[in-house]
Amino acid sequence: MPRRGLVAGPDFEFFRRRYFTPVEVAEHNQPEDLWVSYLGCVYDLTPLAQEHKGKGHTLGPLRVCLWVPGLGAARTDGDCPFPGDLLLKPIVEVAGQDISHWFDPKTKDIRKHIDPLTGAQRYRTPRGRFLHVPPQLPRSDWANDFGKPWWQGSRYEVGRLSAKTRNIRIINTLTSQEHTLEVGALESMWEILHRYLPHNAHAASYTWKYEGKNLNMEYTLEENGIRDEEEEFDYLNMDGALHTPAILLYFNDDLTEL
């Protein structure tokens, strides 16, 4: 394990989080900051949205919308949102949300159905067709040279979605400051420390303890003996928020800033 002064641990300058909570994903809910989660992973689709924002077909001086379901053929002298913006709309509408219901968990592909118009199998898109989904009927302007569709592969993946989260109190015994964090149940103590850095840039310069015992920073909360008692509280019809485990931080006299 590398060391920074008196403190051993990962290099947080290049540290990459493994887990994100649903609350964290929900914070990225704008076209310019667009995250979604599906099938247990978290994806940053901001580059995809920026790449296709405002892209329409330009034929001569007019911008033409060749076919809009329910509207038929249309053309306009102004900015036409099709196919770029219009195909982004279903994705922007679910920014910050979990869209696992869009997918078949076995194939990890968009769910399919039999099209009543053509009798052919096609992607099921109740919100409307979105980027990389083929049109219902053959079209001369359909470009399929994008390679893999955005939902396949890991190019936009930033981490995994925490299936189970829990709250933990972190108390700085030097300053008596206390903060409550929502963390993933499978996160290591180093990852929890990384979450805590905005509250204390010298967090790695402290010894982390629970009930008088030093915590192993490579282990999870459960592996360190900090049990998740939510089910027991539910069984007893008690509010689990009334008891949140507390981790105590003891200063090591080493002002290492991460």
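About the thresholds
- Residues numbered from 1 in each chain as written.
- Predicted model: local features only at pLDDT ≥ 70, side-chain atom pairs only at ≥ 80, totals over all residues.
- Heavy atoms only, no water.
- pLDDT = per-residue confidence, 0-100.
- Contact = heavy atoms within 4.5 Å.
- Pairing = 2+ DSSP bridges.
- Helix = DSSP H or I, 4+ residues; strand = E, 2+ residues; numbered from the N terminus.
- Axes fitted to C-alpha atoms, helices over the stretch in contact; angles between N-to-C directions.
- Buried < 20%, exposed > 50% of the residue type's maximum accessible area, 1.4 Å probe, protein only.

**Notes on the confidence of the model for the protein chain**
Argument step 1. When pLDDT is averaged along the protein chain, the result is 84; 83% of the residues meet or exceed 70.
Argument step 2. Across residues 1-7, where pLDDT falls below 50, the model places 25 contacts with residues more than four positions away in sequence or in other chains.
Argument step 3. Contacts from residues 57-82, a stretch scored under 50 in pLDDT, to residues over four places away or in other chains number 44 contacts.

**Quick notes on the sheet that holds strand E15 (residues 165-172)**
Argument step 1. Ordered by their spatial adjacency, 5 strands build an open sheet running E16-E15-E19-E17-E18, and the pairing between neighbours is mixed. The sheet terminates laterally at strand E16 (177-184) and strand E18 (213-214), the two strands that pair on one side only.
Argument step 2. Summarising the sheet, strand E17 (residues 206-210) and E18 pair through 2 bridges and their orientation is antiparallel. Considered in E18, the bridge of Tyr210 is made with Lys213.
Argument step 3. Along the sheet, helix H4 (residues 189-196) makes contact with E15, E16, E17 and strand E19 (246-251), crossing E16 at roughly 125°.

**Concerning the environment of Lys209**
Argument step 1. The residue Lys209 is located in strand E17 in this model.
Argument step 2. When the C-alpha atoms of Lys209 and Ile170 are compared, they prove to be 9.9 Å apart, with 39 residues separating the residues in sequence.
Argument step 3. Apart from residues no more than four positions distant in its own chain, Lys209 is found in contact with Asn214, Leu215, Ala246, Ile247, Leu248 and Tyr250.

**Here we look at the pairing of strand E5 (residues 33-38)**
Argument step 1. Burial within E5 is extensive, with 5 of its 6 residues counted as buried.
Argument step 2. In this structure, strand E4 (residues 29-30) lies alongside E5, joined through 2 bridges in antiparallel fashion. Each residue of the ladder has a partner; that of Asn29, found in E5, is Leu34.
Argument step 3. Between E4 and the antiparallel strand that follows it, E5, lie 2 residues.

**Quick notes on the side chain of Thr46**
Argument step 1. Mapped onto the fold, Thr46 is located in helix H2 (residues 46-52).
Argument step 2. In this structure Thr46 comes out as buried when scored by relative accessible area, which is 13%.
Argument step 3. Among all residues touching Thr46, those that are not within four sequence positions of it are Pro31, Glu32, Asp33, Leu34 and Trp35.

**Thoughts on the pairing of E15**
Argument step 1. Bridge count between E15 and E16: 8 bridges; the pairing is antiparallel. When the sheet's bridge partners are listed, Asn172 is paired in E16 with Gln177.
Argument step 2. Count of turn residues in the E15/E16 antiparallel hairpin: 4 residues, of which Ser176 carries a positive phi of about 65°.
Argument step 3. In this sheet, E19 lies alongside E15 in parallel orientation, the contact comprising 4 bridges. From the neighbouring strand, Ile171 faces E19, where its bridge partner is Leu248.

**Notes on the sheet that holds E4**
Sheet strands pair by backbone hydrogen bonding; their relative direction is either parallel or antiparallel.
Argument step 1. If you trace the 5 strands from one edge of the open sheet to the other, you get E3-E14-E6-E5-E4, paired in mixed fashion. At either margin of the open sheet sits one strand with a lone partner, and together these are strand E3 (19-20) and E4.

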